[in-house]
Amino acid sequence: MQALITGISGEVGHGLIKKLHSQGYKVVAADIKEPEGEISEYIDQFYSCDISDKEGVDKIFEEKHFDIIFHLASILSTGGEKNPELAAKVNIEGTLNLLEAATNQSLADKKAIKFIFPSSIAAYGIPNLKVKGERKKVKEDEYLNPITIYGISKLACENLGNYFSKNYKLLGEINRDNLIDFRCVRFPGLLSPDTVPSGGTSDYGPEMIHAAAQGKNYECFVREDSRIPFMAMADAADVLTSLAEAPKENLKSFVYNVQGFSVSALQIYDMTKKFFPNFEITYKINEERQAIVDSWPEDVDDTNAQKDWGWKPKYNYKKTFSEYLIPKIKQRYLTPDK
Ligand code: AKB
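Now for a description of the structure that goes with this document. (Residues numbered from 1 in each chain as written. Predicted model: local features only at pLDDT ≥ 70, side-chain atom pairs only at ≥ 80, totals over all residues. Heavy atoms only, no water.)

1. Side note on the overall build of the protein chain
Working step 1: Assigned secondary structure in the protein chain consists of 12 helices and 14 strands.
Working step 2: On C-alpha atoms alone, the protein chain measures out to a radius of gyration of 20 Å, which is about the 20 Å that the 2.2 N^0.38 rule sets for 338 residues.
Working step 3: Each principal axis of the C-alpha atoms in the protein chain carries an extent, and together these give about 65 × 45 × 40 Å.
Working step 4: Looking at the 338 residues of the protein chain, the share that counts as buried comes to 55%.
Working step 5: Roughly 15,000 Å² of accessible area belongs to the protein chain as shown, and the carbon and sulfur atoms make up 50% of that amount.
Working step 6: Put simply, the protein chain has 42 plus and 49 minus side-chain charges, and the middle of one group is 4 Å from the middle of the other. (Helix = DSSP H or I, 4+ residues; strand = E, 2+ residues; numbered from the N terminus. Rg over C-alpha atoms; globule rule 2.2 N^0.38 Å. Buried < 20%, exposed > 50% of the residue type's maximum accessible area, 1.4 Å probe, protein only. Areas by Shrake-Rupley, 256 points an atom, 1.4 Å probe, with all protein chains shown as cover. Lys, Arg positive; Asp, Glu negative; His and termini not counted. Charge placed at Lys NZ, Arg CZ, Asp CG, Glu CD.)

As structure tokens, this is what we get:
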């Protein structure tokens, strides 16, 4: 089984590569950054490729045939607002390049390649805090009015993926069973002990914990009552592989909400302080980043994922800290060369 992963140097890539390798996949990786550290051991072939470069993407598909693609490469919500044109190019054109190449290969090989796409809670746009507080658990088809170019790109690519898997060349004579098998989840903010994210807006969560583990204090850029769903990174890799393994006939939808737990910035601080008692936080609100977080739901309804493919997080809020983040993060910062 051969898997292509784009965006390996990002947050989700690390955990996913290890998992796929342990499941016996040959892993082909494409990224603009060379893989560093232990993940290099798990990669069978690396392509230095900017996914918005169509020729570069096509070359990979000329040389390799895939059973499954995990398309993780993306410019995140805060980064995207610094250069929306670039974000649209990478996030939309890049995804389109991959969808086209995967579709051509699926049709030529007469075998539907699985295309797994992580979307985000950024696909939502809650109109105001009153609605956010009242509505709480948002379903997949509600409030799809994203305010960032990242959220707009994610929503567009969810629909592009669905198009390429069902209606591609609607008037053409195509064996539709050989179109790609597109599956997508909307991730919440992610908390990892291994990587400190950059360019996202949910970054205050992981930044806070990594600061505390290094004996630093943290200046938080959103209000203490800001609340969105989060998930342990260990669960995020599982989300992608278990969605990939789900029998196609069970999947009633092409896009699923998933979440671990819904917490405020203050609750993340309180939990972090339990493990790092000297840790202190101050608040200096960045109005633009605050507006982004305010537009994301407080929580999401992931009943469909539970029903259709048995999704259940291993880590609740407490366990995420006590059994995953804290032991690993302490080890990370105590080991001198990390
Ligand atoms: C971001 O903050 O942009 C991402 C996300 C929630 O998709 N982490």
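2. Concerning the sheet that holds strand E10 (residues 227-232)
Working step 1: An order of E8-E10-E12 is seen for the three strands of this open sheet, with the pairing classed as mixed. Whereas interior strands pair on both sides, the edge strands pair on one side only; in this sheet they are strand E8 (189-191) and strand E12 (261-264). Put simply, the sheet's adjacent strands are angled 50 degrees from each other on average, direction ignored.
Working step 2: Strand direction decides the pairing type here: E10 and E12, joined by four bridges, are antiparallel. Residue pairing for E12: Arg 227 is matched across the bridge by Ser 264.
Working step 3: Each of E10 and E12 touches helix H9 (residues 265-275); the most contacted strand, E12, lies at about 90 degrees to it. (Pairing = 2+ DSSP bridges. Axes fitted to C-alpha atoms, helices over the stretch in contact; angles between N-to-C directions. Contact = heavy atoms within 4.5 Å.)

3. Points about the state of the cysteines
By definition, a disulfide links the sulfur atoms of two cysteine residues through a covalent bond.
Working step 1: By the definition in use, this model includes zero disulfides.
Working step 2: In this model Cys 157 remains outside any disulfide bridge; the closest cysteine sulfur is found in Cys 184, 9.4 Å from its own.
Working step 3: Taking relative accessible area as the criterion, Cys 184 reaches 1% and is therefore assigned buried. (Disulfide = S-S within 2.5 Å.)

4. So, the site of the ligand
Working step 1: The immediate surroundings of the ligand are formed by Leu 76, Ser 77, Ser 120, Tyr 150, Gly 200, Thr 201, Ser 202 and Trp 296.
Working step 2: With respect to the ligand, the backbone of Thr 201 contributes an N or O atom lying 2.6 Å from an oxygen atom.
Working step 3: Here Ser 202 contributes a backbone N or O atom positioned 2.9 Å from an oxygen atom of the ligand.
Working step 4: Relative to its free-state accessible area of 250 Å², the ligand is covered by the protein chains to the extent of 95%.
Working step 5: Its residues assigned to classes, the shell around the ligand comprises three nonpolar, five polar and no charged. (Near = heavy atom within 4 Å. Polar contact = N/O pair within 3.5 Å; in protein donor to acceptor, adjacent residues only side chain to side chain. Nonpolar A, V, L, I, M, F, W, Y, C, P; charged D, E, K, R; others polar.)

5. Section: the packing of helix H7 (residues 204-213) against helix H12 (residues 317-334)
Working step 1: Taken N-terminus to C-terminus, the directions of H7 and H12 make an angle of 50 degrees; their axes are 9 Å apart at the nearest point. Considering the angle they form, H7 stands oblique to H12. The two elements H7 and H12 meet at a crossing, and its hand is right-handed. Only Phe 321, Leu 325, Ile 329, Arg 332 and Tyr 333 of H12 make contact with H7, whose side of the interface consists of Ile 209, His 210 and Ala 213.
Working step 2: For the contact of H7 with H12, the per-class residue count stands at six nonpolar, one polar and one charged. (Parallel < 35°, antiparallel > 145°, perpendicular 65-115°, else oblique. Left-handed = near helix turned anticlockwise from the far one by under 90°.)

6. What about the packing of aromatic side chains?
Working step 1: Under the criterion given, the structure shown has 15 aromatic pairs.
Working step 2: Ring centres 5.5 Å apart and planes at 85 degrees place the aromatic pair Tyr 163 and Phe 164 in the edge-to-face group.
Working step 3: The ring of Tyr 315 is capped by Lys 319, whose NZ or CZ atom sits 5.9 Å from the centre of that ring.
Working step 4: Over the face of the ring belonging to Phe 276 we find Lys 330, whose NZ or CZ atom lies 5.5 Å from the ring centre. (Phe/Tyr/Trp six-rings, centres within 6.5 Å; stacked < 30°, edge-to-face > 60°. Lys NZ or Arg CZ within 6 Å of the ring centre and 35° of its normal.)

7. Some details on the nonpolar core
Working step 1: The biggest cluster of nonpolar side chains holds 76 residues, and the ones touching the most others in it are Phe 70, Tyr 204, Met 208 and Trp 309.
Working step 2: No other element matches H12, which puts seven residues into this core.
Working step 3: Leaving out residues up to four positions away in the same chain, Met 208 has contacts with Tyr 218, Cys 220, Ala 265, Ile 268, Tyr 269, Thr 272, Phe 279 and Ile 281.
Working step 4: If you look at the next biggest cluster of nonpolar residues, it comprises 29 residues, including Ile 60, Phe 61, Leu 98 and Phe 182. (Core = buried A, V, L, I, M, F, W, Y, C linked by side-chain atoms within 4.5 Å.)

8. Examining the environment of Phe 61
Working step 1: Position of Phe 61 relative to the elements: it lies in helix H2 (residues 54-63).
Working step 2: Given the relative accessible area of 7%, Phe 61 is considered buried.
Working step 3: With sequence-adjacent residues up to four places away left out, Phe 61 is seen in contact with Leu 4, Phe 66, Ile 69, Leu 98, Ala 101, Ala 102 and Gln 105.

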